[in-house]
Amino acid sequence: MLFIVPTPIGNLRDITFRAVDILKSCDFIICEDTRQTRKLLDAYEIQKTMISFHEHSAKMKIEKILYSLREGQSAALVSDGGTPLISDPGFELVRAALREGIQVESLPGPCALITALAASGLAVDSFSFFGFPPAKPAGRRNFFSDLKEREETLIFYESPFRVLQTLNDMKEIFGEREAVVGRELTKKFEEYQRGTLTTLIENFSKKKAIGEFVILVSGAGRKAVL
Ligand code: SAM
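Residue numbers restart at each chain and count upward from 1, following the sequence in its written direction. The model is predicted, so local features are restricted to residues of pLDDT at least 70 and side-chain atom pairs to those at 80 or more, both for listing and for counting; the totals for chains, interfaces and linings are taken over all residues. Note: side-chain values were computed over all heavy atoms of the structure, leaving out hydrogens and water.

Student: Break down the domain arrangement of the protein for me, citing the residues and quoting the values.
Tutor: Many analyses report the size of an interface as the accessible area lost when the parts associate. Domain segmentation is taken from an automatic or database assignment of domains. Domain annotation of the protein identifies domain 1 (2–106) and domain 2 (112–217). Taking the mean C-alpha position of each, domain 1 and domain 2 sit 29 Å from one another. By definition, residues are in contact when any of their heavy atoms lie within 4.5 Å. The partner domain 2 presents 11 residues to the 6 residues of domain 1 that form the contact. Between domain 1 and domain 2, roughly 540 Å² of surface is buried when both sides are summed, and carbon and sulfur atoms account for 63% of that area. When two parts are brought into contact, each loses some accessible area as probed by a 1.4 Å sphere; the total of that loss over both is the buried area. When the buried surface of domain 1 facing domain 2 is broken down by residue, Ile9, Ile86 and Ser87 rank first, second and third, together holding 77% of it. In the sections that follow, a salt bridge refers to a side-chain nitrogen of Lys or Arg positioned within 4 Å of a carboxyl oxygen of Asp or Glu. Connecting domain 1 to domain 2 are 0 salt bridges. Any pair of N or O atoms that falls within 3.5 Å is considered a polar contact. Within protein, one atom must be able to donate a hydrogen and the other to accept it, and sequence-neighbouring residues count only if both atoms are side-chain atoms. Inspection of the domain 1/domain 2 interface yields 2 residue pairs in polar contact (both at pLDDT 80 or more). Amino acid classes used here: Ala, Val, Leu, Ile, Met, Phe, Trp, Tyr, Cys and Pro are nonpolar; Asp, Glu, Lys and Arg are charged; the rest, including Gly, are polar. Grouping the constituent residues of the side of domain 1 that touches domain 2 by class yields 2 nonpolar, 3 polar and 1 charged.

Student: Give me unusual backbone geometry: which residues, what numbers.
Tutor: Phi at Leu85 takes a positive value of approximately 80°, unusual for a residue other than glycine. Elements are defined by DSSP. Helices are runs of H or I of four residues or more, strands are runs of E of two residues or more, and each kind is numbered from the N terminus. In this structure, Leu85 sits in the loop between β4 (75–77) and α4 (91–99). Here Ser87, not a glycine, exhibits a phi torsion of approximately 50°, which is positive.

Student: Could you give an account of the pairing of strand β2 (residues 28–31), with specific residues and numbers?
Tutor: Two faces belong to every sheet, and in a regular strand the side chains alternate between them. Per-residue accessibility, obtained with a 1.4 Å probe over protein chains only, is compared with the maximum for each type, and a residue is labelled buried under 20%, exposed over 50%, and partly exposed between these values. Of the two faces of β2, the one lined by Phe28 and Ile30 and the one lined by Ile29 and Cys31 are each fully buried. Only when DSSP finds a minimum of two bridges between them are two strands counted as paired. Here 3 bridges tie β2 to β4, and the two strands are oriented parallel to one another. Within β4, the position partnered with Ile30 by the bridge is Leu77. For a crossover, the right-handed case is the one in which the path from the first strand over the helix to the second runs clockwise, viewed with the strands pointing away from the viewer. Following the chain from β2 across helix α2 (residues 34–43) to the adjacent parallel strand β3 (residues 50–52), one finds a crossover that is right-handed.

Student: Requested: an account of the sheet that holds β2, with residues and values cited.
Tutor: An order of β3-β2-β4-β1-β5 is seen for the 5 strands of this open sheet, with the pairing classed as parallel. Taken across any chain shown, the strands that pair with only one partner, and hence form the sheet edges, are β3 and β5 (104–106). Direction aside, the axes of adjacent strands within the sheet are offset by 25° on average. The pairing of strand β1 (residues 2–4) with β4 spans 3 bridges and is classified as parallel. Considered in β4, the bridge of Leu2 is made with Ala75. Here an axis means a line fitted to C-alpha atoms, over the contact stretch when the element is a helix, while the angle between two N-to-C directions is reported on a 0 to 180 degree scale. Helix-sheet contacts for helix α3 (residues 59–70) involve β1, β2, β3 and β4, and the interaxial angle to β2 is about 155°.

Student: Lay out the pattern of salt bridges with the relevant residues and their values.
Tutor: Scanning the model with the defined rule gives 11 salt bridges in all. Put simply, Asp33 and Arg35 hold a salt bridge, and the shortest N to O gap is 3.2 Å. The partner of Glu158 in a salt bridge is Arg162, and the shortest N-O contact between them spans 3.7 Å. Classification of Glu158 as buried rests on a relative accessible area of 3%. The class for Arg162 is partly exposed, based on a relative accessible area of 27%. Among the charged side chains, a salt-bridge network with shared partners connects Arg140, Glu158, Arg162 and Asp169.

Structure (structure tokens):
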């Protein structure tokens, strides 16, 4: 059995009882950075074997994990924070496990995009998530141009170094829209900035962006909810 176990995106108490039970009872934990996962395990007094796993982990590593699962062991797949596979490693492993008929169980839990969407005030009846926009200018322009006509709320993860650039690109390509930037969600300095792309650009031009960010922008032709 392979469990997909979401973990906190900031506040260490954002974990379900069931997630803790599974981390305690599984045979081993598959994680990204063992030091990061160690902090969580220590907080819940869990001692467990950890295997580090990355998007580009060798096929051998996947094979080794699958072998243990076929032998009847159970494993919990976690990431450094949030839901594994969502802009995080695990896709290849889950695909391979499903191919082999291994049971995969996914627990509900923290995920930055859903946390931000729920509080955004933007339309939630229809939305799409696109992960991180490409870092290079030409790639970014094509990427945003392809999304210009979409009518649903659009959600992105972004590095602090490119938040302002992304807002500027959106303004240039989408035109004026309502948007929300969620920063450091569930953490001490949690903050939502809601406004038009123009006002957000003004705000972010004044100070350096620090922390983790989710950017949401309303779809084409959407009326503002707020
Ligand atoms: N798997 C995670 C999830 O379920 O949200 C996402 C992992 S991805 C590698 C990390 C990115 O998610 C960050 O760069 C940021 O864009 C977003 N993120 C994660 N935690 C966040 C938080 N507490 N506040 C705002 N954004 C966050």
